[in-house]
Amino acid sequence: MAYSFQTGPSSHDPLGRSRTEISLEVALSILICLISILNNFLVVYVVNKDSRLKCVTNIFILNLALTDIFMATLYMPFWVISLHSGTWIFSEKWCQLSAAILSTLAATSHLTMGLIAFNRYVRVVKPAMYSRLFPSNRRARFYCALVWIASTLVATPPLYGWGKIAYHPSFAICTFSWKIEHISYGIVLMAVLVNGTTIAIFHSYYKIYKILKESTQNLNAHSTEDGAALSERRRTDIKLLKTSFAVVCTFVVTMTPGSVLVICETAGCLIPRTISLAAVYLVFTSSLVNPIIYGLMNPQFQAAFKRALRFGRCGNNQISQGWTGNGIQALSQGSMS
């Protein structure tokens, strides 16, 4: 659909936006949706195509990619349509159901990122426990199933009367109502799921940072390895630290504004629509950047991505065997999953 670039408000828009504003909002949302689908499908493709990538941590990354694909295909199109129309044009029943889908997928994504952080934490900080907690790919799939069950249980109470779902014009989505009269469910949601998982993620990566820092200092002081081996260990630690830093920063940038806004809204603050909409864009952008952070920054994935883009298939021969699926150099052959 073509738009004329007028600066005044559109007479047909419930929010009083100009056609230019509508065009920009819709174009950006479509771009986020399409890139999210492309990036995450690429992650799914290379994990399933390359047997060397089928390890415990990559199963969690695969689960995250599938969640983001579902978000981009099952929910984002209705967000795009709402941005275009300026209101919810579907039935009230679908508003309720779509909000439950959004909450379930968001909770699954959140918990899966927490599971990845915990997996990396155990692998680096508590390596003796790793084989007991993550003994096989089958156990990893079991953990993913638990995440989906827990997310569904957490996300659906408003459908049964605890909490309220409504269309939020500033967010352009159907979501849980954060008004004070419905806040009991919101408190549980924020305190148990969002804050609890966020604290766990930050704690895990902080501990990883401390261990790697101590490891580097010990290597520098007491290393008996030759220069090449020591250099490789340092590169390994630096890459993992970069990935961990990117995960935390991306999480803060994409998730924190939305959390702050719902707290302010509950307190009765009037939030400008531009700020509210920007927060929603950031939340959906996480579906776009997750495969980049968890996939492209992972040394094992990089070769597989190149093969997928170059030949449409993945090979196994040139993938570094010195890395596990979570980007950590294997401490011993027996510790790899």
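Residues numbered from 1 in each chain as written. Predicted model: local features only at pLDDT ≥ 70, side-chain atom pairs only at ≥ 80, totals over all residues. Heavy atoms only, no water.

Asker: Run through the overall build of the chain, naming residues and quoting values.
Answerer: Per the secondary structure count, the chain includes nine helices and two strands. Relative to its full complement of 337 residues, the chain shows a buried share of 47%. Considering only contacts in the chain between residues 6 or more positions apart, those separated by 24 or more positions represent 72%. By element, 65% of the accessible surface of the chain is carried by carbon and sulfur atoms, the whole surface being about 16,500 Å². (Helix = DSSP H or I, 4+ residues; strand = E, 2+ residues; numbered from the N terminus. Buried < 20%, exposed > 50% of the residue type's maximum accessible area, 1.4 Å probe, protein only. Contact = heavy atoms within 4.5 Å. Areas by Shrake-Rupley, 256 points an atom, 1.4 Å probe, with all protein chains shown as cover.)

Asker: Please provide a residue-by-residue account of the packing of helix α1 (residues 19-49) against helix α2 (residues 56-85), values included.
Answerer: Here α1 crosses α2 at 160 degrees, and the two axes come no closer than 9 Å. With respect to each other, α1 and α2 are oriented roughly antiparallel. Of the two possible hands of crossing, α1 and α2 adopt the one that is left-handed. A class-by-class count of the residues in the contact of α1 with α2 yields 20 nonpolar, seven polar and two charged. (Axes fitted to C-alpha atoms, helices over the stretch in contact; angles between N-to-C directions. Parallel < 35°, antiparallel > 145°, perpendicular 65-115°, else oblique. Left-handed = near helix turned anticlockwise from the far one by under 90°. Nonpolar A, V, L, I, M, F, W, Y, C, P; charged D, E, K, R; others polar.)

Asker: Give a detailed account of the UniProt feature "transmembrane region" (unreviewed entry) in the chain, specifying residues and quantitative values.
Answerer: In the numbering adopted here, UniProt assigns the feature "transmembrane region" (unreviewed entry) to residues 26-47, 59-80, 100-122, 142-163, 183-206, 243-263 and 275-297. A helix fraction of 100% and a strand fraction of 0% characterise residues 100-122, whose end C-alpha atoms lie 32 Å from each other. (UniProt positions renumbered as here; feature names shortened; annotations may be inferred.)

Asker: Explain a nonpolar patch on the surface to me, using residue names and the numbers behind them.
Answerer: Taken together, the side chains of F142, L146, I149 and L153 make up a nonpolar region of the molecular surface, amounting to roughly 410 Å² of accessible area. Along the chain, I149 turns up in helix α5 (residues 137-155). (Patch = residues over 30% accessible without salt bridge, like charges linked within 9 Å, V, L, I, M, F, W, Y side chains within 5 Å. Salt bridge = Lys/Arg side-chain N within 4 Å of Asp/Glu carboxyl O.)

Asker: So what's going on with the packing of aromatic side chains? Residues and values would help.
Answerer: Considering all chains together, one arrives at 15 aromatic pairs under this definition. Pairing F118 with Y121 gives two aromatic rings, centres 6.4 Å apart and planes at 25 degrees, and the pair type is stacked. Separated by three residues within a single helix, F118 and Y121 lie in helix α3 (residues 92-125), roughly one turn from each other. Both rings, one in F202 and one in F251, keep their centres 6.2 Å apart while their planes meet at 70 degrees; by these two values the pair is edge-to-face. (Phe/Tyr/Trp six-rings, centres within 6.5 Å; stacked < 30°, edge-to-face > 60°.)

Asker: Break down the nonpolar core for me, with residues and values.
Answerer: Core analysis: the largest hydrophobic core is formed by 39 residues, its most contacted members being F60, Y205, Y294 and F301. Listing elements by their share of this core, those giving two or more residues are α1, α2, α3, α5, α6 (183-222), α7 (227-266), α8 (273-296) and α9 (299-311). If one sorts the elements of this core by residue count, α2 sits on top with eight residues. In contact with Y294, other than residues within four places in its own chain, are I61, L64, M113, I116, R120, Y205, V247 and F301. Within the second largest apolar cluster, 29 residues are counted, among which are Y75, L102, F171 and F284. (Core = buried A, V, L, I, M, F, W, Y, C linked by side-chain atoms within 4.5 Å.)

Asker: Just give me the short version of the side chain of D13, but keep the residues and values in it.
Answerer: Position of D13 relative to the elements: it lies in the segment before α1. A distance of 3.0 Å separates the side chain of D13 from the backbone nitrogen of G16, its partner in a polar contact. Every residue in contact with D13, bar those within four places of it in the chain, is listed here: I22, S85 and G86. (Polar contact = N/O pair within 3.5 Å; in protein donor to acceptor, adjacent residues only side chain to side chain.)

Asker: Can you tell me about unusual backbone geometry, naming the residues and giving the values?
Answerer: Located in the positive-phi region is A172, a residue other than glycine, with phi close to 65 degrees. Tracing the backbone shows A172 in the loop between β1 (165-168) and β2 (173-176). On the basis of relative accessibility, which here comes to 2%, the residue A172 falls in the buried class.

Asker: I'd like a description of the confidence of the model for the chain, backed by residues and values.
Answerer: When the pLDDT values of the chain are averaged, the result is 80; 80% of them are 70 or greater. At the low end of the mean pLDDT range in the chain sits α9, at 70; at the high end sits α5, at 94. Below pLDDT 50 for its whole length, residues 1-7 participates in eleven contacts with residues either more than four positions away or in separate chains. Low confidence marks residues 313-337, where pLDDT is under 50. Its contacts with residues over four positions away, or in another chain, come to 71 contacts. (pLDDT = per-residue confidence, 0-100.)

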